[in-house]
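If you want the building blocks of each chain, they are given just below.
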Amino acid sequence: MTSITIDHGADAARMPAAATRTLSAEKPSLVGLSREELAVALIGAGVPERQARMRVSQLWHWLYVRGVSDFSQMFNISKDLRALLERHFTIARPEIVEEQISGDGTRKWLFRFPPRGAGRPVEIETVYIPEEGRGTLCLSSQVGCTLTCSFCHTGTQKLVRNLTAEEILAQLLVARDRLGDFPERDTPDGAIVPSEGRKITNIVMMGMGEPLYNFDEVKRALLIASDGDGLSLSKRRITLSTSGVVPEIVKAGEEIGVMLAISLHATNDDLRDLLVPINKKYPLKDLIAACRAYPGLSNARRITFEYVMLRDVNDSIDDAKALVKLLKGIPAKINLIPFNPWPGTNYQCSEWETIEKFADYINNAGYASPIRTPRGRDILAACGQLKSDSERMRRVDRLALEAMMIAGHGEE
Ligand code: SAH
Ligand code: SF4
């Protein structure tokens, strides 16, 4: 079990705004465009049409294999062309407002993105969780969330806006920069991202926001992240988590093809209406039907059902029985998430013993039921703790939260 190191900020690695050039709203970014869109953009800027294809593959390589963020580093592209690209476009990274490293190695970045249209700059969080043999990056898809799941901290923040594909990918690119996960910049042309020894092996769309309410941009970003000539993360190592936007579930399987996670949390509509209010619109019956219809579903490609353990709310053995009954016949994994508290919440995490009994029951019923170890709680990086921007936590709230964690989770 992870020990909770309360971090008062002194030993967290913090960094000032990135010293390198950062993204501005002035020029369009080439990050996040499909190959076809890149070609159109280049031709529009004056690149001869007959060169477009070749230029697109060169750019793709620099952007997604080498991870460069400055045209001047693209040494197989002529100076004149680099100058032309520089005049019209940007490939700069977003500003890193803060980077924190937890006692357990979890990292959290706070990014600031420039305004889109008439808006203002926004801030979002991204979390990296290293584990034995793998490393998972948890990406945000929206600034805030329109859904108001009662146990989720992000749900207390209003939706400010959807992130663009560029901004979703930028989280991955910066994380790879910071973790040293791109190949050496001076490797010979044609270098590929090694599949062994990568720091980031998995991506989960489980940060801030509901990814299926930002379908198009999430799709664009994930198709680029899984592109075999670029970032080349296998779709089996990318998981999209949804609170249950039923009409988009099968579509996500068909058009994106990544692994699916469902934030279930309750086994009857009355309780789920309270915990995950989108259930009022798309009740359990419809949600389960959509899961059964998920393309590619099999024992090798199971759906993950996330179940947050809330003391005296959904954690009894009767609940475990109902869960097994509800999921009968669906190739599934059940991920038990100890509730992560935040200031102002009325929920408490279930007792550790209760969680273990619950896990044992569903395990005996034939389901893998890992208990998700809370990671990075000391830097508020654990599930449901992400929140930023206008409502960033005041110090006094943070201290209250720390006190709650000590009181409520002493057993860990
Ligand atoms: N909006 C999407 C993805 C982001 S939330 C969704 O709801 O699925 C990622 C996961 O964290 C979800 O399963 C969510 O229910 C869970 N979560 C939210 N708040 C939590 C909290 N305080 N403690 C533990 N898990 C939480
Ligand atoms: Fe939004 Fe997911 Fe939080 Fe619900 S659990 S409020 S859908 S981020």
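Residues numbered from 1 in each chain as written. Chains lettered and ligands numbered in written order. Predicted model: local features only at pLDDT ≥ 70, side-chain atom pairs only at ≥ 80, totals over all residues. Heavy atoms only, no water.

### Side note on the overall build of the protein
Piece 1. Looking only at helices and strands, the protein has eleven helices and eleven strands in total.
Piece 2. Per-residue burial over the protein gives 56% buried out of 412 residues.
Piece 3. If you take every contact in the protein between residues at least 6 apart in sequence, the share linking residues at least 24 apart comes to 70%.
Piece 4. For the protein, the accessible area works out to roughly 17600 Å², and carbon and sulfur atoms hold 51% of it. (Helix = DSSP H or I, 4+ residues; strand = E, 2+ residues; numbered from the N terminus. Buried < 20%, exposed > 50% of the residue type's maximum accessible area, 1.4 Å probe, protein only. Contact = heavy atoms within 4.5 Å. Areas by Shrake-Rupley, 256 points an atom, 1.4 Å probe, with all protein chains shown as cover.)

### Topic: the site of ligand 1
Piece 1. For ligand 1, the set of nearby residues contains 21 residues, the closest of which are Gly209, Ser241, Ser263, His265 and Asn340.
Piece 2. The contact in question runs from a nitrogen atom of ligand 1 to an N or O atom on the backbone of Gly209, over 2.8 Å.
Piece 3. Between ligand 1 and the protein, one listed contact pairs an oxygen atom with a side-chain N or O atom of Ser263 at 2.5 Å.
Piece 4. Taking 540 Å² as the accessible area of ligand 1 by itself, protein coverage stands at 95%.
Piece 5. Tallied by class, residues from the shell around ligand 1 come to ten nonpolar, nine polar and two charged. (Near = heavy atom within 4 Å. Polar contact = N/O pair within 3.5 Å; in protein donor to acceptor, adjacent residues only side chain to side chain. Nonpolar A, V, L, I, M, F, W, Y, C, P; charged D, E, K, R; others polar.)

### Quick word on the site of ligand 2
Piece 1. All residues in the neighbourhood of ligand 2 are listed as Cys145, Leu147, Cys149, Cys152, Gly155, Gly209 and Ser243.
Piece 2. Residues of the shell around ligand 2, tallied by class, amount to four nonpolar, three polar and no charged.

### Let's talk about the sheet that holds strand S7 (residues 202-205)
Piece 1. Strand order in the open sheet formed by nine strands is S1-S2-S3-S4-S7-S8-S9-S10-S11, with mixed pairing between adjacent strands. In this open sheet, the two edge strands, each paired with only one partner strand, are strand S1 (95-101) and strand S11 (332-338). Neighbour to neighbour, the strand axes of the sheet diverge by 20° on average, direction disregarded.
Piece 2. Note: strand S4 (residues 134-138) against S7, three bridges, orientation parallel. Across the sheet, residue Thr136 finds its bridge partner in S7, namely Asn202.
Piece 3. Lying on the sheet, helix H10 (residues 352-364) is in contact with strand S10 (303-309) and S11; it crosses S11 at an angle near 175°. (Pairing = 2+ DSSP bridges. Axes fitted to C-alpha atoms, helices over the stretch in contact; angles between N-to-C directions.)

### Quick notes on the side chain of Ser263
Piece 1. Along the chain, Ser263 falls in strand S9 (residues 259-263).
Piece 2. With near-sequence residues (within four places) excluded, Ser263 lies in contact with Ser241, Thr242, Ser243, Arg272, Val276 and Glu306.

### Quick word on the confidence of the model for the protein
Piece 1. Looking at the protein as a whole, the pLDDT averages 85, with 82% of positions reaching at least 70.
Piece 2. Across residues 1-21, confidence stays below pLDDT 50; counting only partners more than four residues off in sequence or on other chains, it has 49 contacts.
Piece 3. The low-confidence segment residues 186-191, where pLDDT is below 50, has ten contacts with residues more than four positions distant or belonging to other chains. (pLDDT = per-residue confidence, 0-100.)

### Looking at the packing of aromatic side chains
Piece 1. According to the stated counting rule, one finds five aromatic pairs in the structure shown.
Piece 2. Here Phe111 and Phe113 contribute two aromatic rings whose centre-to-centre distance is 6.2 Å and whose plane-to-plane angle is 20°, an arrangement assigned as stacked. Side by side, Phe111 and Phe113 carry an identical accessibility label, which is buried.
Piece 3. For Arg35, the ring lying beneath its charged end belongs to Trp60, and the centroid distance is 4.2 Å.
Piece 4. Above the face of the Phe182 ring, Arg176 is positioned so that its terminal group lies 4.4 Å from the ring centre. (Phe/Tyr/Trp six-rings, centres within 6.5 Å; stacked < 30°, edge-to-face > 60°. Lys NZ or Arg CZ within 6 Å of the ring centre and 35° of its normal.)

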